[in-house]
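Residue-level listing of the chains:
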Amino acid sequence: MLNKAAKPLVKLVDRYLPDPYIFVLLLTLVVLIAAVVAEHKSPLEVINYWGDGFWTLLSFSMQMLLVLVAGFMLASSPPIKKLLDAIAGFAKSAPQAIILVTLVSLAASWVNWGFGLVVGALFAKALARKVKVDYRLLVASAYSGFVVWHGGLAGSIPLTIATAGHFSEAQIGIIPTSDTIFASFNLLLVAILFVVMPLVNRFMLPEDKDSIYVDPSALDDKVSEPAVSALNPANVGECQLESRPADKLENSRLLGWSVGGAGLVYLGYYFWVQGGSLNLNLVNFLFLFLAILLHQTPRSLLTSLNEAIKGGAGIVIQFPFYAGIMAVMVQSGLAQSISEGFVAIASAESLPFWSFISAGIVNIFVPSGGGQWAVQAPIMLPAAQALGADVARVAMAVAWGDAWTNLIQPFWALPVLAIAGLKARDIMGFCLMQLMITGVIISIALSWF
């Protein structure tokens, strides 16, 4: 059974996988050395690439931090807690909890990757409060749904090549989503993963003696009230905290409802009148203003924020290092060399497969769908045209390669781990098994469907 096969992987990862911060430091050194040795760049050139690119992901880092913070604040509101608990109530056993969290995560990630990351982690916590289940596998199952994001509605590569004015338009024109996201081979692949992934995760469920459970009370999102200033009149005599006008504003439901309602009005106008599409900024906007509305008072929201921000340390410190790694990979030519190596051995029939594999490798070092496409498109597209391969399928192969190795890329797991309260090594053994199985399925689908 898969639980026996996964057991040594879990032990291996638990013993040898360092903290994600250590991982990114080692990855930085590997890329710097590889750029010097393989691309014959001088050490000073490589360091310059790295330093120049170090802060290029600041905007994205803030977006990811808001994914975590806004999602936490929304989940800590009383109505959402009740909703998640109600849905979690459908699971009566550990196998049912694993299957349910996987399905919810797959569906949410197919709609939008940021939405899927937060919903999966929050739902895993809700289930762990209801059902006695190995918490590591539960969170790994929640994260596993992320594998379908690039084949879904928010896939950056298929949406890029479907948009007028994209950087490859002169070469390949505009490829509609009917040939990529909604192509039969892609929809069939997504459908297969919706069936296989819950079963894979369920059959990795460890025996009771090997399981690690969590105290449900430890998962409560307890938020502590901020310390009251010594200058507050409430500390003097019998004056009450709410006696100041400022305190009344902090506890004003009208203020929270008004601002939260205004945010939802904007979203309604954006989607239904302007016909806007879902993206990461809109997901964060939705989470934030729903949190404002459901917390009702500014004070309730701010106490939740005080707890939420503690989990964002990994994002703040690690994302600049990944930006530096991406810059070295691109500017030195290292990413292009990896892609060209695979293209050199491909045929029209095998190019989607080799595009998938090369994208999976490049994604370890360039964990950004849009950034990866900018690196690989100038190599893969001419190769597809020269070999007579299906350009849309090759583009989706790069997209699926990017999504595939996210299963073992701590970069994307950080928000999930922060919400769940785990470390990367707690889930990556299970994720490694998921990687191997999904790799076979996706390879077959891209080659034969």
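Everything numeric here is computed off the predicted structure, so don't read it as measured data. (Residues numbered from 1 in each chain as written. Predicted model: local features only at pLDDT ≥ 70, side-chain atom pairs only at ≥ 80, totals over all residues. Heavy atoms only, no water.)

Moving on: helix 22 (residues 424-448). Compared with an ideal rise of 1.5 Å per residue, which puts 25 residues at 36 Å, helix 22 spans 34 Å between its outermost C-alpha atoms and is within 8% of the ideal. Within helix 22, the axis deviates most sharply at phenylalanine 430, by approximately 30 degrees. (Helix = DSSP H or I, 4+ residues; strand = E, 2+ residues; numbered from the N terminus. Expected span 1.5 Å × (residues − 1). Bend = angle between axes of the 7 residues up to and from the residue.)

To continue, consider the side chain of arginine 136. Looking at the secondary structure, you find arginine 136 in helix 8 (residues 135-144). Judged by relative accessible area, which is 11%, arginine 136 ranks as buried. Of the polar contacts made by the side chain of arginine 136, one reaches the side chain of aspartate 134; its length is 2.6 Å. For arginine 136, the contacting residues outside a window of four places in its chain are Val10, Pro206, Asp210, Ser211, Ile212, Leu422, Asp426, Ile427 and Phe430. (Buried < 20%, exposed > 50% of the residue type's maximum accessible area, 1.4 Å probe, protein only. Polar contact = N/O pair within 3.5 Å; in protein donor to acceptor, adjacent residues only side chain to side chain. Contact = heavy atoms within 4.5 Å.)

A separate point is the packing of aromatic side chains. Counted according to the given criterion, the structure contains 12 aromatic pairs. Where phenylalanine 353 meets tryptophan 354, the ring centres are 4.9 Å apart and the plane angle is 70 degrees; that geometry is what we call edge-to-face. Given a relative accessible area of 25%, phenylalanine 353 falls into the partly exposed group. A relative accessible area of 24% places tryptophan 354 in the partly exposed class. Site record: aromatic cluster; members linked through ring pairs are Tyr21, Trp50, Phe54, Trp55 and Phe321. Above the ring of tyrosine 213, the side-chain terminus of lysine 132 is found at 4.8 Å from the ring centroid. (Phe/Tyr/Trp six-rings, centres within 6.5 Å; stacked < 30°, edge-to-face > 60°. Lys NZ or Arg CZ within 6 Å of the ring centre and 35° of its normal.)

Moving on, we come to the nonpolar core. Counting 96 residues, the largest nonpolar core has Leu138 and Tyr143 as the members making the most contacts within it. Once residues lying within four places of it in the same chain are set aside, the contact partners of tyrosine 143 are Leu117, Asn406, Leu407, Gln409, Trp412, Ala413, Val416, Ile427 and Cys431. Listed in part, the 45 residues of the second largest apolar core include Met197, Ala359, Leu381 and Trp404. (Core = buried A, V, L, I, M, F, W, Y, C linked by side-chain atoms within 4.5 Å.)

The next point concerns the environment of serine 443. On the secondary structure map, serine 443 appears in helix 22. The spatial distance from the C-alpha of serine 443 to the C-alpha of tryptophan 400 is 9.4 Å, given a sequence separation of 43 residues. Once you skip the residues sitting within four places of it in the chain, serine 443 turns out to touch Phe353 and Phe356.

In this fold, asparagine 251 is placed in the loop between helix 12 (245-250) and helix 13 (253-273). Accessibility expressed as a relative area gives 26% for asparagine 251, which makes it partly exposed.

Bringing the confidence of the model for the chain into the picture now. In this model, the chain carries an average pLDDT of 84, and 91% of its residues clear a pLDDT of 70 or more. Contacts from residues 223-239, a stretch scored under 50 in pLDDT, to residues over four places away or in other chains number 21 contacts. (pLDDT = per-residue confidence, 0-100.)

Attention now moves to unusual backbone geometry. Positive phi values are uncommon outside glycine, yet histidine 40 reaches one of about 55 degrees. With respect to the secondary-structure elements, histidine 40 resides in the loop between helix 2 (20-39) and helix 3 (43-53). Positive phi, close to 70 degrees, is recorded for glutamine 296, a residue that is not glycine.

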